[in-house]
Amino acid sequence: MILDSHQHFWKYKKETHSWINDEMAVIRRDFLPEDLEKVYKENKVDGCIAVQADQTIQENEFLIKLSKENSFIKGIVGWVDFQSNTVVNDLEKYQDFSIIKGFRHIVQAEADPNFILRKNFIHGISNLEQYNYVYDILVLPHQLGAVLEFVKLFPNQKFVIDHIAKPYIKDGFFSGWAVLIAEIAKHENVYCKISGMITEADYNTWTPEQIEPYMQLILKSFGSKRIMYGSDWPVCLVAGGYKTVISLTTNFIRKLTTTEQNAIMGNTASEFYNL
């Protein structure tokens, strides 16, 4: 089974998707299940986790609707305002929708490098465990120090780091990111998605050899049982097609055992998201 642990859908609006800059103009359009289903058939992918791209309750409703119409959507990572006084009620409400497996906040866009440690945010996150929800950590390398303190607070909460924490591959920066990732990985409740890597390199000139040291560090730190493949489709299209993205991972892991490869390509995500 091949499970894509990280992809997005959207109906493009200039205001909502202002983060899509001119360099990324190729994804300034709608991306919906009928587009992805064709891609999955071509690449023998069995299903996916649809991850929020817009921080609204309406985004959850949008993804729930798509999941009801498309059985290859196996789970959803949605959004709630973790700093809100209503967070418990919001989480309670989504218990009626088993397709929602967890939540995330776009922490990478927050100006405060310690946003993830804010008292109200931590209070909101503290409610996830009782509802058996997971949490996707979306951050940049300069926020990893805060992430290390954050995961220490919740030893029983399942976390996954999106896009290997977006190291600055284009600039060749490695060591600072690597030290903190290795420390975070010592917490066995934290997993990592090998996703979103080619868009952290130069869109036009990246090579697998350039990205391999980052993947090696993730494999060494987390082990195959806590790593999951993700495409970051359609964002990945600014730097390569879907086949290019999935091949980057399958080629990297081809020397591992079949059990290890199966874990990375689907079994770990299935277990993590309780599919």
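Residues numbered from 1 in each chain as written. Predicted model: local features only at pLDDT ≥ 70, side-chain atom pairs only at ≥ 80, totals over all residues. Heavy atoms only, no water.

Visitor: For the environment of Val139, give the residues involved together with the corresponding values.
Guide: Among the secondary structure elements, Val139 is positioned in the loop between strand 5 (134–137) and helix 5 (144–152). Residue classification places Val139 among the buried residues on the basis of a relative accessible area of 1%. Sequence separation between Val139 and Gln108 is 31 residues, and the spatial gap between their C-alpha atoms is 4.3 Å. Those residues in contact with Val139 that sit more than four places away from it in its chain are Val107, Gln108, Leu144, Val147, Ala165 and Lys166. (Helix = DSSP H or I, 4+ residues; strand = E, 2+ residues; numbered from the N terminus. Buried < 20%, exposed > 50% of the residue type's maximum accessible area, 1.4 Å probe, protein only. Contact = heavy atoms within 4.5 Å.)

Visitor: Give a description of the packing of aromatic side chains that names residues and reports values.
Guide: As enumerated under the stated definition, the model contains 27 aromatic pairs in all. Look at Tyr40 and Phe72: their rings are 5.7 Å apart centre to centre, the planes differ by 85°, and that puts the pair in the edge-to-face class. Of this pair, Tyr40 sits in helix 1 (residues 33–43) while Phe72 sits in the loop between helix 2 (57–69) and strand 3 (73–78); the two residues are 32 residues apart in sequence, bridging distant segments of the chain. In this structure Phe72 comes out as buried when scored by relative accessible area, which is 9%. What links up through ring pairs into an aromatic cluster is the set Phe82, Tyr94, Phe97, Phe103, Phe115, Phe121, Tyr131, Tyr133, Tyr135, Phe150, Phe154 and Phe159. (Phe/Tyr/Trp six-rings, centres within 6.5 Å; stacked < 30°, edge-to-face > 60°.)

Visitor: Explain the sheet that holds strand 4 (residues 100–105) to me, and be specific about the residues and the numbers.
Guide: The strand order across the open sheet built from eight strands is 1-2-3-4-5-6-7-8, with neighbouring strands paired in parallel fashion. Each end of this open sheet is capped by a strand with a single partner; those strands are strand 1 (3–7) and strand 8 (227–229). For this sheet, the mean inter-axis angle between neighbouring strands, taken without regard to orientation, is 25°. Strand contacts of helix 9 (residues 258–272): strand 1, strand 5, strand 6 (159–161), strand 7 (190–194) and strand 8, with the helix running at about 110° to strand 8, the strand carrying the most contacts. (Pairing = 2+ DSSP bridges. Axes fitted to C-alpha atoms, helices over the stretch in contact; angles between N-to-C directions.)

Visitor: Describe the state of the cysteines, with residues and values.
Guide: Counted by the stated rule, this structure contains zero disulfides. Cysteine Cys48 remains unbridged, with the sulfur of Cys236 as its closest cysteine sulfur at 13 Å. Cys48 sits in the buried class, given a relative accessible area of 0%. (Disulfide = S-S within 2.5 Å.)

Visitor: Explain the pairing of strand 1 residue by residue, including any values.
Guide: Extensive coverage of strand 1 is indicated by the burial of five of its five residues. Inspection of the sheet shows strand 1 paired to strand 2 (residues 47–51) by three bridges, in the parallel sense. Across the sheet, Leu3 pairs through a bridge with Gly47, a residue of strand 2. Crossover strand 1 to strand 2 through helix 1 is right-handed. (Right-handed = clockwise from strand over helix to strand, strands pointing away.)

Visitor: Can you explain empty space enclosed by the protein? Please cite residues and give values.
Guide: What the rule picks out here adds up to one cavity of 30 Å³ or more. If you go around the largest cavity, the residues you meet are Ile194, Ser195, Gly196, Met197, Ile198, Gly230, Ser231, Cys236, Val245, Leu248 and Thr249. Among the elements that make up the lining of the largest cavity, the one with the highest residue count is helix 8 (residues 242–252) (three residues). A per-class count over the lining of the largest cavity returns six nonpolar, five polar and no charged. (1 Å grid on protein atoms, 1.4 Å probe; cavity = no way out; pocket = protein on both sides within 12 Å on 5 of 7 lines; lining within 4 Å. Points joined across faces, edges and corners; volume = space filled by probe spheres on them. Nonpolar A, V, L, I, M, F, W, Y, C, P; charged D, E, K, R; others polar.)

Visitor: If you had to explain the packing of helix 7 (residues 208–222) against helix 8 to someone new, which residues and values would you point to?
Guide: Interhelical geometry of helix 7 versus helix 8 gives an angle of 60° and a closest axis separation of 11 Å. Taken together, the axis directions place helix 7 and helix 8 in an arrangement best described as oblique. The two elements helix 7 and helix 8 meet at a crossing, and its hand is right-handed. Residues Pro208, Ile211, Glu212, Met215, Gln216 and Leu219 of helix 7 pack against Leu248, Thr249 and Phe252 of helix 8. Here the contact of helix 7 with helix 8 is built from residues that sort into six nonpolar, two polar and one charged. (Parallel < 35°, antiparallel > 145°, perpendicular 65-115°, else oblique. Left-handed = near helix turned anticlockwise from the far one by under 90°.)

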